[in-house]
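The residues making up each chain are set out below.
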Amino acid sequence: MEDWVVFRTWVGDLTQMIAEATVGQTRFHEYSDGVASVMTESIMAVTVFATIMGTILALLWIERKFFARIMDRRGATMALRSLWVGEGGQHADWYDDLPFGTGKPIRWLNNLLNEKAGNASDYETVHRTKDRGYHGVWWLLPGMIQNVADGMKFMTKEWMVPAKADKFIFEVAPFIIITSTVMIFAFIPLSSNIYSANPELSLLFMMAIFGIAPFGVFFAGWSSNNKYTLLGGIRSAAQLTAYEIPLLVTILSLAVISGSLNIIEIAEFQITSGVWNIFLLPLGAALFLITMVAEVERIPFDMPEAEAELVEGWWTEYGGMRWGLMFASEYLRCYAACLLFAIFFLGAWEMPFGDTITGIIPNQDLILGAIGVGLIGLAIGLRSEFPVLLAPVPLVFISVIPPTAWLLFKAWFMFAIFVWIRASLHRIRSDQILEFGWRWLLPLSLVNLAIAFWLRLSIWQGGEWPLLIPGLITAIALILFIILGMDEDKSAMEGRTRPYSVYTKSKGPASPRSHDR
Amino acid sequence: MPFHPHAQPNFRNMVIRPMWMALKAALRTIPYVGSHKLLAAHGTSAPYHAQEAQMIDEGTAARIGEDHPSVGKRYAVDRETSSLVPYLERPVTVMYPYERLEDLEPWLFVPGNYNGRIGVIWETCTACKACVKACPNSCLHMETETRVNVLDTTEEGDEWHGMGTELEVGGMAARRNEVDNSDHNLILDHSAVPQEYDFGSVIDITGETATVRWDGGGMEEVPAADLAPAEVDIMSGRIDIGRCMFCGLCMEACPFESFFMTNEYDGMSGYSREDLWYEADRTRVLPSVHQERVDAELVKRAEKELKKRERAKARAEA
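Each chain carries its own residue numbering, running from 1 in the written order of its sequence. Written order decides the labels, with chains lettered from A and ligands numbered from 1. Given that the model is predicted, a residue must reach a pLDDT of at least 70 before its local features are reported, and side-chain atom pairs must reach 80 or more before they are shown or counted; all residues, however, enter totals for whole chains, interfaces and linings. Hydrogens are left out, water is left out, and the side-chain values use all remaining heavy atoms of the structure.

### What about the overall build of chain B?
Turning to step 1, where the next piece is worked out: Helix numbering and strand numbering both begin at the N terminus, where a helix is a DSSP run of H or I of at least 4 residues and a strand a DSSP run of E of at least 2. In terms of helices and strands, chain B carries six helices and 11 strands.
Turning to step 2, where the next piece is worked out: Across the 318 residues in chain B, those meeting the buried criterion constitute 33%.
Turning to step 3, where the next piece is worked out: All accessibility values rest on the Shrake-Rupley procedure with a 1.4 Å probe; residue burial counts only the protein chains present in the view. With an accessible surface of roughly 19800 Å², chain B has 54% of that area assigned to carbon and sulfur atoms. Note on classification: 1.4 Å probe, protein chains only; a residue is buried when its accessible area is under 20% of the maximum for its type, exposed when over 50%, partly exposed between these limits.

### Re the overall build of chain A
Turning to step 1, where the next piece is worked out: Along the backbone of chain A there are 21 helices and zero strands.
Turning to step 2, where the next piece is worked out: Within chain A, buried positions represent 44% of all 517 residues.
Turning to step 3, where the next piece is worked out: Across chain A, the fraction of contacts at a sequence separation of at least 24, relative to all contacts at a separation of at least 6, is 79%.
Turning to step 4, where the next piece is worked out: Carbon together with sulfur atoms contributes 69% to the accessible area of chain A, which is approximately 27200 Å² in total. Here, two residues are considered to be in contact whenever any of their heavy atoms come within 4.5 Å of each other.

### Section: the nonpolar core
Turning to step 1, where the next piece is worked out: Among the buried residues, those of types Ala, Val, Leu, Ile, Met, Phe, Trp, Tyr and Cys that are joined through side-chain atoms within 4.5 Å form a nonpolar core. In this structure, F344 and F418 of chain A are the most contacted members of the largest nonpolar core, which totals 91 residues.
Turning to step 2, where the next piece is worked out: The element contributing the most residues to this core is helix 14 (residues 320-345) of chain A, with 14 residues.
Turning to step 3, where the next piece is worked out: The residues touching F344 of chain A, leaving out its near neighbours within four places in the chain, are L203, I251, L254, I263, I266, Q270, N277 and F288 of chain A.
Turning to step 4, where the next piece is worked out: Counting 19 residues, the second-largest nonpolar core is a separate cluster that includes C125, L140, I241 and C254 of chain B.

### Some words on the pattern of salt bridges
Residue and element names in this part refer to chain B.
Turning to step 1, where the next piece is worked out: The term salt bridge refers to a pairing of a side-chain nitrogen on Lys or Arg with a carboxyl oxygen on Asp or Glu at a separation within 4 Å. All told, the structure shown has 17 salt bridges over all chains when counted by the stated rule.
Turning to step 2, where the next piece is worked out: Between D233 and R147 there is a salt bridge, and its shortest N-O distance comes to 3.2 Å. Remark: R147 occurs in strand 4 (residues 140-148) and D233 occurs in strand 9 (residues 227-240); sequence separation between them is 86 residues.
Turning to step 3, where the next piece is worked out: Between E168 and K308 there is a salt bridge, with the nearest N and O atoms lying 3.4 Å from each other. Here the residue E168 occupies a position in the loop between strand 4 and strand 5 (172-176), and K308 occupies one in helix 6 (residues 291-317), the gap between them amounting to 140 residues.
Turning to step 4, where the next piece is worked out: Since its relative accessible area comes to 23%, K308 is described here as partly exposed.
Turning to step 5, where the next piece is worked out: When salt bridges that share partners are traced, they join E168, E305, K308 and R309 into one network.

### Quick look at the environment of A337 of chain A
Turning to step 1, where the next piece is worked out: With respect to the helices and strands, A337 of chain A occurs in helix 14.
Turning to step 2, where the next piece is worked out: Spatially, the C-alpha atoms of A337 of chain A and T291 of chain A are 9.8 Å apart, while their sequence positions differ by 46 residues.

### With respect to the packing of helix 13 (residues 282-295) of chain A against helix 14 of chain A
Residue and element names in this part refer to chain A.
Turning to step 1, where the next piece is worked out: An axis is simply a line fitted to the C-alpha atoms; with a helix, the fit covers only the stretch in contact. Between two such axes, the angle follows the N-to-C directions and lies from 0 to 180 degrees. With their axes 10 Å apart at the nearest point, helix 13 and helix 14 run at an angle of 170° to one another. Relative to helix 14, the element helix 13 lies roughly antiparallel. Of the residues in helix 14, those touching helix 13 at G284, A285, F288, L289, M292 and E295 are R333, A337, L340, F341, F344 and F345.
Turning to step 2, where the next piece is worked out: Classifying every residue of the contact of helix 13 with helix 14 by side-chain character gives nine nonpolar, one polar and two charged. Small angles under 35 degrees read as roughly parallel and large ones over 145 as roughly antiparallel, with 65 to 115 read as roughly perpendicular and the rest as oblique. When residue character is reported, Ala, Val, Leu, Ile, Met, Phe, Trp, Tyr, Cys and Pro are called nonpolar, Asp, Glu, Lys and Arg charged, and the others, Gly included, polar.

### What about the packing of aromatic side chains?
All names here are of chain A.
Turning to step 1, where the next piece is worked out: Here the aromatic set is Phe, Tyr and Trp, taking the six-membered ring for Trp, and pairing holds for ring centres within 6.5 Å; pairs whose planes are under 30 degrees apart are stacked, those over 60 apart are edge-to-face, and all others are tilted. Considering all chains together, one arrives at 26 aromatic pairs over all chains under this definition.
Turning to step 2, where the next piece is worked out: Between W159 and F170 the ring centres are 5.7 Å apart and the planes differ by 20°, which places this aromatic pair in the stacked class. Of this pair, W159 sits in the loop between helix 6 (145-156) and helix 7 (167-184) while F170 sits in helix 7, placing them 11 residues apart in sequence.
Turning to step 3, where the next piece is worked out: The class of W159 is partly exposed, set by a relative accessible area of 24%.

### What to know about empty space enclosed by the protein
Residues and elements named next belong to chain B.
Turning to step 1, where the next piece is worked out: A cavity here means a set of points on a 1 Å grid, drawn over the protein atoms and nothing else, where a 1.4 Å probe fits but cannot get out; a pocket is an open set with protein on both sides within 12 Å along at least five of seven lines, and a residue lines either one if it has an atom within 4 Å of a point. Grid points are joined across faces, edges and corners, and a volume is the space filled by probe spheres set on the points. In this structure the tally under the stated criterion is three cavities of 30 Å³ or more.
Turning to step 2, where the next piece is worked out: Among the elements of the structure, helix 4 (130-134), strand 4 and strand 9 are those that each provide at least two residues to the lining of the largest cavity.
Turning to step 3, where the next piece is worked out: Its residues assigned to classes, the lining of the largest cavity comprises 15 nonpolar, five polar and two charged.
Turning to step 4, where the next piece is worked out: For the second largest cavity, the calculated volume is near 80 Å³.
Turning to step 5, where the next piece is worked out: In terms of lining, the second largest cavity is formed by 14 residues, of which the most central are C135, C139, C244, C247 and C250.
Turning to step 6, where the next piece is worked out: Counted by class, the lining of the second largest cavity contains 12 nonpolar, two polar and no charged residues.

### Some points on unusual backbone geometry
Residues and elements named next belong to chain A.
Turning to step 1, where the next piece is worked out: Of the consecutive residues I299 and P300, the connecting peptide bond is found in the cis state with omega at 10°.
Turning to step 2, where the next piece is worked out: Tracing the sequence through the fold places P300 in the loop between helix 13 and helix 14.
Turning to step 3, where the next piece is worked out: For A348, which is not a glycine, the phi torsion comes out positive at approximately 50°.
Turning to step 4, where the next piece is worked out: Topologically, A348 is positioned in the loop between helix 14 and helix 15 (354-360).

### Remarks on the side chain of S329 of chain A
All names here are of chain A.
Turning to step 1, where the next piece is worked out: Turning to its location among the elements, S329 is positioned in helix 14.
Turning to step 2, where the next piece is worked out: Residue classification places S329 among the buried positions, given a relative accessible area of 1%.
Turning to step 3, where the next piece is worked out: S329 has contacts with I177, I178 and T181, leaving out every residue within four places of it along the chain.

### Points about the packing of helix 9 (residues 213-223) of chain A against helix 10 (residues 227-258) of chain A
All names here are of chain A.
Turning to step 1, where the next piece is worked out: At a minimum axis separation of 7 Å, helix 9 and helix 10 run at an interaxial angle of 160°. The pairing of helix 9 with helix 10 is recorded here as roughly antiparallel in orientation. Crossing of helix 9 over helix 10 shows left-handed handedness. In this structure, helix 9 contributes P214, V217, F218, G221 and W222 to the contact, and helix 10 contributes T229, L230, G233, I234, S236, A237 and L240.
Turning to step 2, where the next piece is worked out: Of the residues assigned to the contact of helix 9 with helix 10, the class counts are eight nonpolar, four polar and no charged. Crossing chirality is assigned from the near helix's rotation relative to the far helix, an anticlockwise turn below a right angle marking it left-handed and a clockwise turn marking it right-handed.

### Things to note about the pairing of strand 5 of chain B
Side chains on a regular strand alternate between the two faces of the sheet.
Residues and elements named next belong to chain B.
Turning to step 1, where the next piece is worked out: We treat two strands as partners when DSSP finds at least two bridges between them. Relative to strand 6 (residues 197-206), strand 5 runs antiparallel, the two sharing five bridges. Directly across from M172, in strand 6, lies its bridge partner S201.
Turning to step 2, where the next piece is worked out: Bridge count between strand 5 and strand 9: four bridges; the pairing is antiparallel. Bridge pairing in strand 9 links M172 to A230.

Pasting the structure below:
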């Protein structure tokens, strides 16, 4: 399916036009193209940065809300909804103060939302719980404003350097971490024509920059002159080194299978060859996921900042905005990992079953017509008692969702899996982490590389993949997963012996009745 | 080493099972999806959430009564919205100081045996200090003073003679001593005024002589006429709730059922540590709240008093 959001072309045309209309009219007209390209690149860089920074809020939201659902202890979920619902029978009415009746559409929308998602409920208990007292306007602020408050707090905090710290390194370490983290996003394409930089070997550039932050981590841990940070830094260095190598070998397998070291070409290869990499290299996907979780130091691999034993690990001594930015860079690295997984394995910005859907709606004009029909259907459907009418609407909309949105959806889905892992698994011991990395992941990544070579050299004949091969590989992976999942020690089940040695010397009766038997 | 089957460190137990459990918990919170039978509670087929509302204990059920709107309703309060758009979220936050959970979801309310704020029925307290001795954190402070009631100091021929209490075995007794405290200088002497009485506890009364163990030491038989009955009065009963760990040993130590751990969880905050020093008035439990306890204690004491008077009457007749 065609990518209709050709943003880079639009920006290029616009800047070309501007440059020709301004510089082009002066005696510096031969620099017109240069000015245009500088403007284009600047706009693209700002666009990518703003998109990443804006959409990273979704990560925070997933981290809070999905985690809360897993723990079944959702907290304040009232803020945003309170804008339309109001409390205790008092609806919001701020839109009535807007001039020239501009608030009327908002009032209409508000009434609709109140009607459909308001306080009324069939269940009396529900109704009673939702009918809250009105406690003033401050309770109605959306929760996202808390982020601004936190940012302000970090900004105004005192910057303290420990007396015996290595001050220069201590000051430099956060900048190494933050700048290298932000630079990762220069090479992450958001679609085939929304990217900040696209050198020939962007994969190498990007992974090189991804590997810089561990230095900053180790600098921070060492220079703080604190045993906790030092331990955290050492653990971090050991862990990141151990997992960097399988990660790079796994990424090498992607380069092999795609025949390119350019990220955009790796992404496009999945689209043109018709099969996402996860179906060709499921082992590689698993390796990439595990190593990336370890690289961004999330549970179960967050030994470097194990808060139960190391206070806060290598960043214990940092405070204020430097701490805030390092925390943000943790999330940025995480976001980068999710985006890279989506780009490398989940078909990047391709819509799932995109070809099938465009087969159903072959004509772009038809799509636009269908949008109109869909909007009308949506209006009817919301008003009716039969939301089944809404069913075709997503199908229509789904075909015009821009590729960037697909990429972001996939990245958010991956982050949900990160959160799921974090909520489920234990933090594992440092030596176990290293053993797992060196003795399992490294050989497995070499096996994965061999599979990639085999696929590229023996199977792929140019054009599209024969569908039998990815199907077979996926089936084998699923079967292996199920076999591993059924792994259960039958003898232990039959023995029913207690864990650890907790027997007393004379066992005695388990219960008073035991004497009778 | 033998492992418990679910403690085997294998892929199934370390990864698959915990992840499935976490996902199940998350899916259960979603309307419609959460009521699928795959996600039912272990060993049942009913939806995990959206079950009948059941009060946590009989006390709560009795407290909210039969007419309460939540009786017989589904436990679905924080799971469901309107029928059309069930996935939109509703507020589930109880804005605590303004709203209280027990008003919204009484079946989640604190059970009766929860150790909350300390409450004392001062009306039935005898100042035995069993609670003070029991407290491991020494957060209870009780100051008492042994005193002679002014009614007991009357002499033969006074208008109010005979209206006071009588000397009794097990009680306190006081004897006026020879101390002359008339020239005690209240302004310059940095010490308490010497007591005009020696205090002791009555061990035995035979006829007109009473056996007294003096607080200062020594046992003595003295004529009962020289003695006046004394009593222990509570000067202050202060509880430092900031040091309290709510273990409830004080409540268990109380022989008169005057000391309670209520199940109230609020009203224990303040702006300073001094705010957490509860004087007697802040720990007071009104008799109306624990009327049964107070009534029982009063009946007990009234019967004791009646018996005593009957005995005294019989002795007088004999």
